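# Fold and contact review
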Amino acid sequence: MNFIIKNLSAKIDNVNILNNISLSLKTGDVLAISGLNGSGKTTLLKSIMKHFSLNIKGDINLDKTNFNKLDTYKISKLGVYYVPQHSLELNGVQTLSILRTINKARDNIPFSELFKQTDEFINKMDLPNEILNRNLNVGFSGGQKKKIELLQAQVFNPKVLLIDEIDSGVDTDSLKKIAQYLNSIKKHTIILIISHNNTFLNAIKPTKALVLGKGDMIAYGTPNLLNQIERKGYGQFIKTKAEPRAVCTKHKK
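The rules behind the values
- Note that residues are indexed from 1 along each chain, following the sequence as it is written.
- pLDDT decides what is reported in this predicted model: residues at 70 or higher carry local features, side-chain atom pairs at 80 or more are listed and counted, and totals for whole chains, interfaces and linings draw on all residues regardless.
- Hydrogens and water are ignored here; the side-chain numbers use all heavy atoms of the structure.
- The numbering of helices and of strands both runs from the N terminus, where a helix is a DSSP run of H or I of at least 4 residues and a strand a run of E of at least 2.
- Within these notes, the globule rule equals 2.2 Å times the number of residues to the 0.38 power, and the radius of gyration is based on C-alpha atoms.
- Accessibility throughout is a Shrake-Rupley quantity obtained with a 1.4 Å probe, and a residue counts as covered only by protein chains that appear here.
- In what follows, residue pairs with any heavy atoms lying within 4.5 Å of each other are defined as contacts.
- Salt bridge criterion: a side-chain nitrogen from Lys or Arg within 4 Å of a carboxyl oxygen from Asp or Glu.
- Partly exposed describes any residue whose relative accessible area lies between the buried limit of under 20% and the exposed limit of over 50%, with all areas from a 1.4 Å probe on protein chains only and scaled to the type maximum.
- Only when DSSP finds a minimum of two bridges between them are two strands counted as paired.
- To get an axis, a line is fitted to the C-alpha atoms, and for a helix only the part in contact is used. The angle between two axes follows their N-to-C directions and goes from 0 to 180 degrees.
- For classification purposes, an angle smaller than 35 degrees is called roughly parallel, one larger than 145 roughly antiparallel, one from 65 to 115 roughly perpendicular, and anything else oblique.
- The handedness criterion is simple: a crossing whose near helix is rotated anticlockwise from the far helix by less than a right angle is left-handed, and one whose near helix is rotated clockwise is right-handed.
- We call Asp, Glu, Lys and Arg charged. Ala, Val, Leu, Ile, Met, Phe, Trp, Tyr, Cys and Pro are nonpolar, and the rest, Gly among them, are polar.
- By nonpolar core is meant a set of buried Ala, Val, Leu, Ile, Met, Phe, Trp, Tyr and Cys residues that side-chain atoms within 4.5 Å join together.
- Here a cavity denotes a set of grid points, spaced 1 Å apart and computed over the protein atoms alone, in which a 1.4 Å probe fits but from which it cannot get out, and a pocket denotes an open set meeting protein on both sides within 12 Å along at least five of seven lines; residues with an atom within 4 Å of a point are reported as lining.
- Grid points are joined across faces, edges and corners, and a volume is the space filled by probe spheres set on the points.

## Here we look at the overall build of the protein
Secondary structure assignment for the protein yields 8 helices and 10 strands. Taking 18 Å as the expected radius of gyration for a compact globule of 253 residues, we find that the protein reaches 18 Å, a close match to that expectation. For the protein, the exposed area adds up to about 13,000 Å²; of that, 50% sits on carbon and sulfur atoms.

What follows is the structure, given as structure tokens:
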């Protein structure tokens, strides 16, 4: 499976947020997205999902399917799933009910199998069993919300998984479990993940790294970019407009 973004630009109210982003990923790739606040990281993920607030130009293709004329629902039906930074709370809607709805819209496996997979996930993630009967994300801790987001993603069984700062507000032990889960699924999907936590990113072993600055690709290359950022910060990648925006580095195994 190939996921290709070419010359993607996005505006909000005629204000440029992203400028000519081009990426090429395949099944098994994990792209770590980094950059200063306001650099366009979340907008990149929302652009892939055709968020209503954005005016988008450029091409996005999953294998031979172009996203240009597709709305968010159809992009989702292709197998693209977005895990937001801030989870939605739904009063009156049980977590299990949401999982059943997702399952029906996607693979629609028998309920017995869905419950088995869900039970295994909950045990691995140290979530309380009664969480399935509680209202979605209502009264959940930060870590519980992130884990339940991943449970929804598991039921969805995505081809492309977009994750926005899943490490935010999550304790160290929970992050280790989240990293273990992502490592267990990455061979069968394409993952784009925003994070500022280098320890977490090293645990999931990304195959590529992207650094954004004011909507531009200021560095794109191997995961070694993340170590450079940790050592020297983002200033080393800030270029003038006359200089190349993309920087590739050799990956040291």
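We are not done yet, so read on.
## Concerning the environment of Leu70
Examined against the element boundaries, Leu70 turns out to sit in the loop between β5 (65-66) and α2 (72-77). Considering only alpha carbons, one finds Leu70 and Met49, 21 residues apart in sequence, at a separation of 9.4 Å. Excluding residues within four positions of it along the chain, Leu70 makes contact with Lys50, Thr65, Ile75 and Leu78.

## Brief notes about the pattern of salt bridges
This structure, assessed with the given rule, holds 3 salt bridges. Residues Glu89 and Lys145 are paired through a salt bridge, measuring 3.0 Å at the closest nitrogen-oxygen approach. Of this pair, Glu89 sits in the loop between β6 (80-83) and α3 (95-105) while Lys145 sits in helix α5 (residues 142-156); the two residues are 56 residues apart in sequence, bridging distant segments of the chain. Given a relative accessible area of 43%, Glu89 falls into the partly exposed group.

## Some details on the sheet that holds strand β2 (residues 15-26)
Spatially, 4 strands are ordered β2-β1-β4-β5 in an open sheet, and the strand pairing comes out antiparallel. Each edge of the sheet is formed by a strand with only one pairing partner; in this case those strands are β2 and β5. Of the strand pairs in this sheet, strand β4 (residues 55-62) and β5 are connected by 2 bridges, and their pairing is antiparallel. Bridging from a neighbouring strand, Leu62 pairs with Thr65 of β5.

## Section: the packing of α5 against helix α6 (residues 172-185)
The contact between α5 and α6 brings their axes to 11 Å, and the two run at 15 degrees. Considering their axes alone, α5 and α6 lie roughly parallel with respect to each other. Every pair of crossing elements has a handedness; the one defined by α5 and α6 is left-handed. Taken together, the residues of α6 that come into contact with α5 (itself represented by Lys146, Lys147, Leu150 and Gln154) are Ser174, Ile178, Tyr181 and Leu182. A per-class count over the contact of α5 with α6 returns 4 nonpolar, 2 polar and 2 charged.

## A closer look at the nonpolar core
Counting residues in hydrophobic clusters, the biggest one holds 47 residues, and the most contacted among them are Leu161, Leu182, Ile193 and Phe200. The residues touching Leu161, leaving out its near neighbours within four places in the chain, are Tyr81, Val83, Ala153, Leu182, Ile185, Thr189, Ile190, Ile191 and Leu192.

## Comments concerning the sheet that holds strand β8 (residues 190-194)
Strand order in the open sheet formed by 6 strands is β6-β7-β8-β3-β9-β10, with mixed pairing between adjacent strands. Whereas interior strands pair on both sides, the edge strands pair on one side only; in this sheet they are β6 and β10 (216-221). Here the average twist between neighbouring strands, direction ignored, is 15 degrees. Pairing between strand β3 (residues 30-35) and β8: 4 bridges, direction parallel.

## Things to note about the pairing of β10
Taking burial as the measure, the 6 residues of β10 include 6 buried ones, the bulk of the element. Connecting strand β9 (residues 208-213) to the antiparallel partner β10 that follows it, the hairpin turn spans 2 residues, and Lys214 within it adopts a positive phi of roughly 50 degrees.

## Thoughts on the layout of surface pockets
Approximately 510 Å³ is the volume found for the largest pocket. What lines the largest pocket is a set of 17 residues, and nearest its centre among them are Met49, Thr72, Ser76, Tyr81 and Tyr82. Mapped onto the lining of the largest pocket, the elements with two or more residues apiece are α2, β6 and α3. Looking at the lining of the largest pocket element by element, the count peaks at 4 residues for α2. Its residues placed into classes, the lining of the largest pocket shows 9 nonpolar, 4 polar and 4 charged.

## Some remarks on helix α8 (residues 224-232)
Taken as a whole, α8 has its buried residues at Asn224, Leu225, Leu226, Gln228 and Ile229. Tucked inside the fold, the buried residues of α8 contact β3, α7 (198-204), β9 and β10. A positive phi of about 80 degrees marks Gly233, the residue just after α8.

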